[in-house]
Amino acid sequence: MKDGIRIDGRKPDELRPIKIEAGVLYRADGSCYLEWGGNKIMAAVYGPREAMPRHIQDPTKAIVNARYNMVPFSVEDRKRPGPDRRSVEISKVTSEALEGVIFTELFPRATIDVCIEVLDAEAGTRCAGITAAAVALADAGIPMRDLPVACAAGKVDGTVVLDLTSDEDKEGDADLPIAIAPRTEEILLMQMDGHMTPAEFDEAVELAIKGCREVSKLQREALMNKYKTFEVE
Ligand code: UDP
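Now for a look at the structure at hand.

**Focus: helix H2 (residues 125-139)**
Here is step 1 of the chain: When the terminal C-alpha atoms of H2 are compared, their 21 Å separation across 15 residues agrees well with the 21 Å that a helix rising 1.5 Å per residue should span.
Here is step 2 of the chain: Counting buried residues along H2, 14 of its 15 residues qualify, which places the element largely inside the surrounding structure.
Here is step 3 of the chain: Following H2 by one or two positions, Gly 141 has its phi on the positive side, about 75°.

**Quick notes on the sheet that holds strand S3 (residues 39-50)**
Here is step 1 of the chain: Pairing is mixed in the open sheet, where five strands are placed in the order S1-S2-S3-S5-S4. At either margin of the open sheet sits one strand with a lone partner, and together these are strand S1 (18-22) and strand S4 (63-70). Adjacent strand axes in the sheet meet at a mean angle of 15° when their direction is disregarded.
Here is step 2 of the chain: In terms of strand pairing, S4 meets strand S5 (residues 110-120) through eight bridges, oriented parallel. Counted as the bridge partner of Asn 69 is Glu 117 from S5.
Here is step 3 of the chain: Here helix H1 (residues 85-99) sits on the sheet and contacts S4 and S5; the angle it forms with S4, its principal contact strand, is near 140°.
Here is step 4 of the chain: Together, S1, strand S2 (30-36), S3, S4 and S5 form the strand contacts of H2, whose direction differs from that of S2 by roughly 150°.

**Some thoughts on the site of the ligand**
Here is step 1 of the chain: Taken together, Met 70, Val 75, Arg 86, Ala 121, Glu 122, Ala 123, Gly 124, Thr 125, Arg 126 and Asp 169 make up the full set of residues adjacent to the ligand.
Here is step 2 of the chain: In the environment of the ligand, an oxygen atom lies 2.7 Å from a nitrogen or oxygen atom belonging to the side chain of Arg 86.
Here is step 3 of the chain: Contact between the ligand and Gly 124: an oxygen atom at 2.8 Å from a main-chain N or O atom of the residue.
Here is step 4 of the chain: In terms of residue class, the shell around the ligand is made up of four nonpolar, two polar and four charged.

**Digging into the packing of H1 against H2**
Here is step 1 of the chain: Orientation of H1 relative to H2, taken along the N-to-C sense of each, is 45°, at an axis distance of 11 Å. On the basis of their axis angle, the class for H1 and H2 is oblique. H2 is crossed by H1, and the crossing has right-handed handedness. Counted together, Arg 86, Glu 89, Ile 90, Thr 94, Ala 97 and Leu 98 of H1 and Thr 125, Arg 126, Ile 130, Ala 133 and Leu 137 of H2 form the full contact between these two elements.
Here is step 2 of the chain: Residues of the contact of H1 with H2, tallied by class, amount to six nonpolar, two polar and three charged.

Definitions and cut-offs
Residues numbered from 1 in each chain as written. Predicted model: local features only at pLDDT ≥ 70, side-chain atom pairs only at ≥ 80, totals over all residues. Heavy atoms only, no water. Helix = DSSP H or I, 4+ residues; strand = E, 2+ residues; numbered from the N terminus. Expected span 1.5 Å × (residues − 1). Buried < 20%, exposed > 50% of the residue type's maximum accessible area, 1.4 Å probe, protein only. Pairing = 2+ DSSP bridges. Axes fitted to C-alpha atoms, helices over the stretch in contact; angles between N-to-C directions. Contact = heavy atoms within 4.5 Å. Near = heavy atom within 4 Å. Polar contact = N/O pair within 3.5 Å; in protein donor to acceptor, adjacent residues only side chain to side chain. Nonpolar A, V, L, I, M, F, W, Y, C, P; charged D, E, K, R; others polar. Parallel < 35°, antiparallel > 145°, perpendicular 65-115°, else oblique. Left-handed = near helix turned anticlockwise from the far one by under 90°.

Right, dumping it as structure tokens:
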């Protein structure tokens, strides 16, 4: 960081460029393609449909089953295909974040499957994945209390900054991804690595929420755009 400007030219409270498109896959019930800085992510939703095998069914509500996956060519060193500890963890926290807003009680014995494929990765993929998954869920018509959104803040060279790049993530002091339900500001996910003082932590949470609010607008625009297109056709 030099004169308050970051290595990629952004101010501390600035997001990387984001592009969101809803309803891009024909066979999924709902889908979303999202570009966020150097990240390229596809999210697809299937369901609600009967959970199989039967013994995994919950008679009181639907299961939300998110699967986060990085394709082998998404990172600098080819990634070995298949799940690893990191992807299992991200799948779990993503499922829990999404479950927090879905009216699962409306679909007993069902499963709602959310596939998140990271095609290109450049830090912040769990936030980008949750943000894309939320749009895909809305596109699939899954009833939700709110449209979840995620964004990270962190600390680089002693300054609290929004939305870290890969270099900032590697060289920086801390990374704090959060997901919220923007209407109520309920926290759906909060993780942190690195170290911050309590005051920096508060500042980072506030900044990440501000980032979430900006991304939330883009999610809504993406969904509106899809339905606008349908009106014309
Ligand atoms: N990364 C990588 N190889 C891996 C996992 C991660 O190169 O096997 C990179 C990738 O760019 C990712 C970044 O490290 O976005 C940060 O990963 P982290 O675990 O902090 O999750 P993220 O910030 O993507 O949510």
